[in-house]
Amino acid sequence: QKLKVADTEERGKIVDAICARGFEMMAHRFGNWAVQRCLEAASAPDERRKMVECMRGRVVELATNCYGCHVLQKALDCEEDIRLLIVTELLLGDPAQTLVNKHASHVWSKDSVNKYLKGKWASLACHETGSVVVQRAFENLEAEAKDGIVDELINSGPVVFAEVAQNQWGSYCVQHILKHGSEAHRAQTLQHLLDGLLDFATSEQGAKSVTQALKEGGEVTLDRIVGRMCEAANGYPCPTEGGQGPARAAVPLHPRAYCHAALM
């Protein structure tokens, strides 16, 4: 309460007292409130940085603590260097585990965390650990944060989508969207697969996503994929009903593609 009326000198003494028992205060039922008040805009930047230094090396512990996670969320509204420290430790820790923690998931959902990782989710999906992180994010983050990640994977253009879908680890993220994503995201993902069906169906990893689409999409998806496989290629027209006209040039799919389609 003193923070509301304290002058610069008195507030400095309060900050020093809090920092003397930094982590203990942050993870305490009542102490965390005092730390949060000190991190608010009324405090000087140097005071905030001094308190955040108490978090160094223990961000993951705070994130998974029912009180510490609130302190981190408040700190993520502070200066860029403070946000960077927190996000870096979250990523260097065990992000796949903190994402499924009921307390830490709220820290991951903060806009500042997603802003720091913006533009990096597709690359993250293509790494072994990163793929797990992305999938856990799909499962545990709030809808708005999750939608932003999915959009990076499927709405960054066909080249980015193809890199993810044909990657050993990224393909798991695409399959996850097809199985658990929103109707809109599943439809967009399927359209990408249809547009590049030849490449995806003849790729070991891409074919897994095509198969997942068949499993999840039912007869409608099956009809669309089969129809795409039978489309004329290279500008050749389809034969007429009477059998006249040039021979139809079907999309030349690799035998693997037919094997996957046969699973249905």
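A few points on the structure. The structure presented is a predicted model; accordingly, all values stated were derived computationally and were not measured.

Conventions and cut-offs
- Residues numbered from 1 in each chain as written.
- Predicted model: local features only at pLDDT ≥ 70, side-chain atom pairs only at ≥ 80, totals over all residues.
- Heavy atoms only, no water.
- Helix = DSSP H or I, 4+ residues; strand = E, 2+ residues; numbered from the N terminus.
- Expected span 1.5 Å × (residues − 1).
- Buried < 20%, exposed > 50% of the residue type's maximum accessible area, 1.4 Å probe, protein only.
- Contact = heavy atoms within 4.5 Å.
- Axes fitted to C-alpha atoms, helices over the stretch in contact; angles between N-to-C directions.
- Parallel < 35°, antiparallel > 145°, perpendicular 65-115°, else oblique.
- Left-handed = near helix turned anticlockwise from the far one by under 90°.
- Nonpolar A, V, L, I, M, F, W, Y, C, P; charged D, E, K, R; others polar.
- Core = buried A, V, L, I, M, F, W, Y, C linked by side-chain atoms within 4.5 Å.
- Phe/Tyr/Trp six-rings, centres within 6.5 Å; stacked < 30°, edge-to-face > 60°.
- Lys NZ or Arg CZ within 6 Å of the ring centre and 35° of its normal.
- Patch = residues over 30% accessible without salt bridge, like charges linked within 9 Å, V, L, I, M, F, W, Y side chains within 5 Å.
- Areas by Shrake-Rupley, 256 points an atom, 1.4 Å probe, with all protein chains shown as cover.
- Salt bridge = Lys/Arg side-chain N within 4 Å of Asp/Glu carboxyl O.
- Lys, Arg positive; Asp, Glu negative; His and termini not counted.
- Charge placed at Lys NZ, Arg CZ, Asp CG, Glu CD.

What follows covers helix α12 (residues 128-140). The end-to-end C-alpha distance of α12 is 19 Å, a good match for the 18 Å that 13 residues give at a rise of 1.5 Å each. Restricting attention to buried positions, one finds in α12 the residues G130, S131, V133, V134, Q135, A137 and F138. Contact partners of the buried residues in α12: α8 (95-98), α11 (121-125), α13 (143-154) and α15 (170-180).

On to the packing of helix α16 (residues 183-195) against helix α18 (residues 206-229). Running from N to C, α16 and α18 cross one another at 60°; their axes reach a closest spacing of 11 Å. It follows that α16 is oblique to α18 by the angle criterion. Relative to α18, α16 is oriented so that their crossing is right-handed. Counting all contacts with α16, which are made through L190, Q191, L193, L194 and D195, the residues of α18 involved are S209, V210, A213, T221, R224, I225 and R228. By residue class, the composition of the contact of α16 with α18 is six nonpolar, three polar and three charged.

By size, the foremost hydrophobic cluster in this structure holds 66 residues, and its most contacted members are L39, M55, L72, I86, V134, F138 and L153. Those residues in contact with M55, other than ones at most four positions away along the chain, are M26, L39, L62, V71, L72, A75, I86 and E89.

In this structure the tally under the stated criterion is one aromatic pair. Here F161 and F200 contribute two aromatic rings whose centre-to-centre distance is 5.7 Å and whose plane-to-plane angle is 90°, an arrangement assigned as edge-to-face. Taken together, the positions of F161 in helix α14 (residues 158-165) and F200 in helix α17 (residues 197-201) put the pair 39 residues apart, joining distant regions of the chain. When the ring centre of F23 is taken as origin, the NZ or CZ atom of R58, which lies over that ring, is 3.6 Å away. Positioned above the aromatic ring of Y116 is the side chain of K120, whose terminal nitrogen or guanidinium carbon lies 5.2 Å from the ring centre.

This part is about a negative patch on the surface. There is a patch of like negative charges on the surface, built from D111, E142, E144, D147 and D151. The greatest single-element share of the negative patch, amounting to three residues, is contributed by α13. With respect to the helices, strands and loops of the structure, D147 is situated in helix α13. Given a relative accessible area of 32%, D147 falls into the partly exposed group.

This part covers the pattern of salt bridges. Summed over all chains, the structure comprises 14 salt bridges. Between K13 and E9 there is a salt bridge, and its shortest N-O distance comes to 4.0 Å. Taken together, the positions of K13 and E9, both in helix α1 (residues 8-20) and four residues apart, correspond to about one turn of that helix. The class of K13 is exposed, set by a relative accessible area of 55%. A salt bridge links E53 to R56, with the nearest nitrogen and oxygen atoms 2.7 Å apart. For E53, a relative accessible area of 43% corresponds to the partly exposed category. Among the charged side chains, a network of salt bridges with common partners joins R37, E40 and K74.

With that out of the way, let us pick up helix α6 (residues 68-75). Counting buried positions along α6 yields six of eight residues, so the element is predominantly enclosed. Among the residues of α6, those classed as buried are G68, C69, V71, L72, Q73 and A75. Next to the buried residues of α6 lie α2 (22-26), α3 (31-39), α5 (59-63), α7 (80-92) and α9 (104-108).

If you trace the backbone, V71 turns up in helix α6. Separated by 19 residues in sequence, V71 and V52 have C-alpha atoms that sit 9.7 Å apart.

Everything listed here is a matter of geometry and, on its own, says nothing about what the molecule does.
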